[in-house]
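# Structural overview
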Amino acid sequence: MKSSYVYILTNKYRTTFYIGVTADLYKRVSEHENGIGSTFTKKYNLKDLIYFEKFSDVNQTIAREKQ
């Protein structure tokens, strides 16, 4: 079974947060850092990965994101 991740990004001042789900954490964080991750993360300059969890079941990952 393929791993999936829930992750939290923030800006330099830790004033805005973004929670996401991905199957490739390294690639997704790289996309956010280069401004192609999402409109929200680009708008608020969210580039700092401050937390992540790894799951073996994507349904568990999505449930954790919603918590």
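The following refers to the structure shown. Note that this is a predicted model, so its numbers are computed, not measured.

A surface patch of nonpolar side chains, amounting to about 280 Å² of accessible area, comprises Phe17, Ile50 and Tyr51. In this structure, Phe17 sits in strand 2 (residues 17–22).

All right, on to the sheet that holds strand 1 (residues 4–10) then. Ordered in space as 2-1-3, the 3 strands form an open sheet in which the pairing is antiparallel. A strand with exactly one partner marks an edge of an open sheet, and here the two such strands are strand 2 and strand 3 (48–55). Direction aside, neighbouring strands of the sheet carry axes that sit 15 degrees apart on average. Judged from the 7 bridges that link them, strand 1 and strand 3 form a sheet pairing that is antiparallel. Paired with Thr10 across the bridge in strand 3 is Asp48.

Taken residue by residue, a regular strand's side chains alternate between the two faces of the sheet. With 6 of 7 residues buried, strand 1 is to be regarded as a mostly interior element. Relative to strand 2, strand 1 is paired through 6 bridges, and the arrangement is antiparallel. Residue Thr10 lies in a different strand from strand 2, and its bridge partner there is Phe17. If you look at the hairpin formed by strand 1 and strand 2, you'll find 6 residues sitting between the two strands, and Arg14 has a positive phi there, around 60 degrees.

Cut-offs and rules
Residues numbered from 1 in each chain as written. Predicted model: local features only at pLDDT ≥ 70, side-chain atom pairs only at ≥ 80, totals over all residues. Heavy atoms only, no water. Patch = residues over 30% accessible without salt bridge, like charges linked within 9 Å, V, L, I, M, F, W, Y side chains within 5 Å. Areas by Shrake-Rupley, 256 points an atom, 1.4 Å probe, with all protein chains shown as cover. Salt bridge = Lys/Arg side-chain N within 4 Å of Asp/Glu carboxyl O. Helix = DSSP H or I, 4+ residues; strand = E, 2+ residues; numbered from the N terminus. Pairing = 2+ DSSP bridges. Axes fitted to C-alpha atoms, helices over the stretch in contact; angles between N-to-C directions. Buried < 20%, exposed > 50% of the residue type's maximum accessible area, 1.4 Å probe, protein only.

Take it as geometry only, folks, not as evidence of what the structure does.
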